[in-house]
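# A structural walkthrough
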Amino acid sequence: MAPDTTSTTDRTLPTSSAPTRARLGIWGHPVLWVVVLIGIGWLLRGRQYLFNRSLWLDEAYLAVNFMDRDLGQLLFEPLSNGQAAPLGFLALTKLLTTGLGVEDWVLRLQPLAAGVLTLLAAWGLARKTLPHRAAQATFVGLLALSPVLVYYSSEFKQYQNDVLATVGLLWLAAHFDLQRWQRDAPVLAVAGALAIWLSHPSLFVLAGVGLVLWIEAIRQRQRAAWLAVSGAGLLWVLAFALHHTLVMKTLAGNQHLLDFWRFAYAPLPPDSPTEWRWYLDSALALVYLAMRHVGVAHHGMLVAWFDGLNLALLALSAAGSLTLAWRAPRIAAIGLVVLLATLAASALHLYPFRSRPTIFLVPLVHLGLAALVQAVLDSRSLPARHLLAAVLAGFVLLVPASASWKVLRKPHNDQDMKAALLHIASQTKPGDGVVIDSMSHKAFDFYSRAHGVQAMPVTVFRPTINQFHDAMATVRRLCIEQPMQRSWVIVTHRLQERAGFLQHIASIAPTLQRWDGQGAIALLYDFRDSDYCRKYAARSRPPSAPSSALPTQ
């Protein structure tokens, strides 16, 4: 049977009694703190969602699939633009867009709901895992304030579903009573099967949950519970097999994905200092992602991973995870299996262990930090333990809170295509056209109709490492094909990397108008009278027939 994690104080004294208030001391009313922190978490998520920023590259690549596909095509045909998403995520999104329209705020409703539910599930998990309400508040607060979770609650991708699956399944596992398997096993079995259809990495969490509960049932000689857990595991395997047959097999052998995440596959076994360093880098990356990362979790390495603050957070989380093994061995064991299963899949080049695919592991970092607060409170011989625990909890909560406060004041908006198109729509003249790179044009396709620029001719260029060639070749196409009079050049992806391209464009013709936004730029040119354009336009004209030529029959 799972250990009773209800503290003596919670069992014997009502929270309104004077002795309890005296024991709480500097903590005040921790339940109230939990409620406040959940409210703040919802406020932060609502603020980012209602800001209704523009879709960025990955979101736009997925969103355009909903513009012209029915449900069957979404579920049973490979998605365009190399995208992949769980079938349940796609089906729920299609249901929403069918009723409310293919709008960005509609596409983000499901991630928002997952973000809201995650905080409620976190409270349930904390109450089953951490006896002291202060430690519970710390765990819930870390999830509520985490800037990356605030952001991904409003991104049209499945990553917030991954976090909800982790927290929810851990909660059900902590609640599971081997002697009351008739009540708990069906719920866990169905929840796990649904999680597979909503979250790819939920498979790793289910592996940990199933294995640990299965071993516990064997050790405690609970044959009926063992059969129930085995039955739940069989249902999960069948759900995964069906899901894999329908969608995951389209990713097998995808060389683009393998190349994109080549740095994120675990060297196993590590046989050099560089390979051992990979594990330290990955641990620091995960802690930074959990506590300090704002906005899109790109796959590149950040200098801040290696600063003193991040190293301290990693050490605190690791220490707390060790104490969790004593306080809540079942959850600690599940977390260890999840981590090892994910690393094994990474070593086999089946799942990248870095950046946004590892967001589902973020609650494990937060649980380790909250467990350390619990450990301090449990150390009765420690002088001023309540004060020390309060300082520790305040420190770890302040780290994500300071980053999320910035988001509250100015929500994240990485690639503001909507504002760029609003400006162009207000300034365009008949005959104007758009020049856009292949990384930005899906967002243009998604928003062009709503912003009244869908009739403008569009020239798409594919960026290369030779930005001079990109600029000259693009303008040459405009001069020869002449699809437009004035040209609006739009860049919304990797704007800083396109600086050379824009400089070469400006060397051909003067900039008539410039608009700058958040991660976006729109520049107006008229290349028709440029020397470069005259040269290629003249070459493209067919030679006139000589005056002595006989008319053709």
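Right above here is the structure, for reference.
Summary of the structure given here.

## What about the overall build of the protein?
- Across its full length, the protein carries 25 helices and five strands.
- Across the 553 residues of the protein, 51% fall into the buried class.
- For the protein, long-range pairs separated by at least 24 residues make up 75% of all intrachain contacts whose partners lie at least 6 apart in sequence.

## Some thoughts on the packing of helix α11 (residues 159-175) against helix α18 (residues 329-347)
- Contact geometry of α11 with α18 gives a least axis separation of 9 Å together with a crossing angle of 140°. Taken together, the axes of α11 and α18 are oblique relative to one another. As for the relative orientation of α11 and α18, their crossing is right-handed in sense. Facing L170, A173 and A174 of α11, the residues of α18 in contact are R330, I331 and I334.
- Class assignment for the residues of the contact of α11 with α18 results in five nonpolar, no polar and one charged.

## Here we look at the nonpolar core
- The biggest cluster of nonpolar side chains holds 101 residues, and the ones touching the most others in it are F139, M291 and I331.
- If one sorts the elements of this core by residue count, helix α19 (residues 362-378) sits on top with ten residues.
- Sequence-distant contacts of I331, that is, excluding residues within four places in its chain, are made with L125, T129, L170, A174, L324 and L367.

## Thoughts on helix α22 (residues 441-448)
- The buried count for α22 comes to seven of eight residues, which makes it a mostly enclosed element.
- H441, K442, A443, F444, F446, Y447 and S448 are the residues of α22 that are buried.
- On its buried face, α22 sits against α4 (57-63), α7 (104-107), α21 (417-427), β1 (433-437), β2 (458-461) and β3 (487-491).

## Focus: the sheet that holds strand β4 (residues 513-517)
- Spatial strand order, β2-β1-β3-β5-β4: five strands in an open sheet with mixed pairing. Strands at the two margins of the open sheet, each flanked by one partner only, are β2 and β4. Between one strand axis and the next, the sheet turns through 15° on average, direction left out of account.
- The sheet contact formed by β1 and β3 spans four bridges and is parallel. By the bridge assignment, V434 is partnered in β3 with W488.
- Here α21 sits on the sheet and contacts β1, β3, β4 and β5 (520-525); the angle it forms with β3, its principal contact strand, is near 170°.
- Relative to the sheet, α22 contacts β1, β2 and β3, its axis offset from that of β1 by approximately 140°.

## Some details on empty space enclosed by the protein
- If you walk through the whole model with that rule in mind, you get four cavities of 30 Å³ or more.
- Counted as a void, the largest cavity has a volume near 90 Å³.
- Around the largest cavity, the lining residues are A285, Y288, L289, H293, A297, H298, H299, G300, L302, W305, R354 and S355.
- Residues of the lining of the largest cavity, tallied by class, amount to six nonpolar, five polar and one charged.
- What the second largest cavity holds in volume is close to 40 Å³.
- Every residue lining the second largest cavity is listed: L55, W56, L57, A60, Y61, Q415, M439, S440, K442, A443 and T492.
- Of all the secondary structure elements, the ones that give two or more residues to the lining of the second largest cavity are α4 and α22.
- Among the elements that take part in the lining of the second largest cavity, α4 stands out by supplying three residues, more than any other.
- Residues of the lining of the second largest cavity, tallied by class, amount to seven nonpolar, three polar and one charged.

## Looking at the packing of aromatic side chains
- Applying the stated criterion across every chain, the model contains 16 aromatic pairs.
- Residues F89 and F156 carry aromatic rings whose centres are separated by 5.6 Å and whose planes lie at 25° to one another, so their mutual orientation is stacked. Here F89 is found in helix α6 (residues 87-100), whereas its partner F156 is found in the loop between α10 (147-152) and α11, with 67 residues between them in sequence.
- Exposure remark for F89: the relative accessible area of 0% places this residue in the buried category.
- Overall, the relative accessible area of 0% leaves F156 in the buried class.
- When the centroid spacing of 5.9 Å and the interplanar angle of 40° are considered together, the rings of W261 and F263 count as tilted.
- Judged by its relative accessible area of 27%, F263 falls in the partly exposed class.
- Taken together, the aromatic side chains of W276, W278, Y279 and F353 make up a single cluster linked through ring pairs.

## Some details on the pattern of salt bridges
- Counted according to the given criterion, the structure contains 13 salt bridges.
- Between R108 and E59 there is a salt bridge, with its nearest N and O atoms 3.4 Å apart. Here E59 lies in helix α4 and R108 lies in the loop between α7 and α8 (109-129), a separation of 49 residues in the sequence. The exposure classification of R108 matches that of E59, with both residues buried.

## Some words on the packing of helix α23 (residues 467-481) against helix α24 (residues 499-508)
- Put simply, α23 and α24 touch, their axes get as near as 8 Å, and they point 45° apart. Accordingly, the angle class assigned to the pair α23 and α24 is oblique. At the point where α23 passes α24, the crossing takes the right-handed sense. On α24, the residues touching Q467, F468, D470, A471, M472, T474 and V475 of α23 are A499, G500, F501, H504, I505, S507 and I508.
- Its residues placed into classes, the contact of α23 with α24 shows eight nonpolar, five polar and one charged.

## Re unusual backbone geometry
- A cis amide bond links L268 to the next residue, P269, at an omega of 0°.
- Tracing the backbone through its elements, the reader meets P269 in the loop between α15 (255-260) and α16 (273-291).
- Its identity as a non-glycine residue notwithstanding, A384 has a phi of 50°, on the positive side.
- Within the secondary structure, A384 sits in the loop between α19 and α20 (385-409).
- One non-glycine residue, R494, lies in the positive phi region at around 50°.
- Structurally, the position occupied by R494 is in the loop between β3 and α24.
- On the basis of relative accessibility, which here comes to 39%, the residue R494 falls in the partly exposed class.

## A few points about the state of the cysteines
- Per the stated rule, a full pass over the model turns up one disulfide.
- A sulfur-sulfur distance of 2.3 Å marks the disulfide that ties C479 to C533. Its torsion about the S-S bond being -130°, the disulfide of C479 and C533 is classed as left-handed. You can see C479 sitting in helix α23 and its partner C533 sitting in helix α25 (residues 531-540), a full 54 residues away along the chain.

Conventions used here
Residues numbered from 1 in each chain as written. Predicted model: local features only at pLDDT ≥ 70, side-chain atom pairs only at ≥ 80, totals over all residues. Heavy atoms only, no water. Helix = DSSP H or I, 4+ residues; strand = E, 2+ residues; numbered from the N terminus. Buried < 20%, exposed > 50% of the residue type's maximum accessible area, 1.4 Å probe, protein only. Contact = heavy atoms within 4.5 Å. Axes fitted to C-alpha atoms, helices over the stretch in contact; angles between N-to-C directions. Parallel < 35°, antiparallel > 145°, perpendicular 65-115°, else oblique. Left-handed = near helix turned anticlockwise from the far one by under 90°. Nonpolar A, V, L, I, M, F, W, Y, C, P; charged D, E, K, R; others polar. Core = buried A, V, L, I, M, F, W, Y, C linked by side-chain atoms within 4.5 Å. Pairing = 2+ DSSP bridges. 1 Å grid on protein atoms, 1.4 Å probe; cavity = no way out; pocket = protein on both sides within 12 Å on 5 of 7 lines; lining within 4 Å. Points joined across faces, edges and corners; volume = space filled by probe spheres on them. Phe/Tyr/Trp six-rings, centres within 6.5 Å; stacked < 30°, edge-to-face > 60°. Salt bridge = Lys/Arg side-chain N within 4 Å of Asp/Glu carboxyl O. Disulfide = S-S within 2.5 Å.

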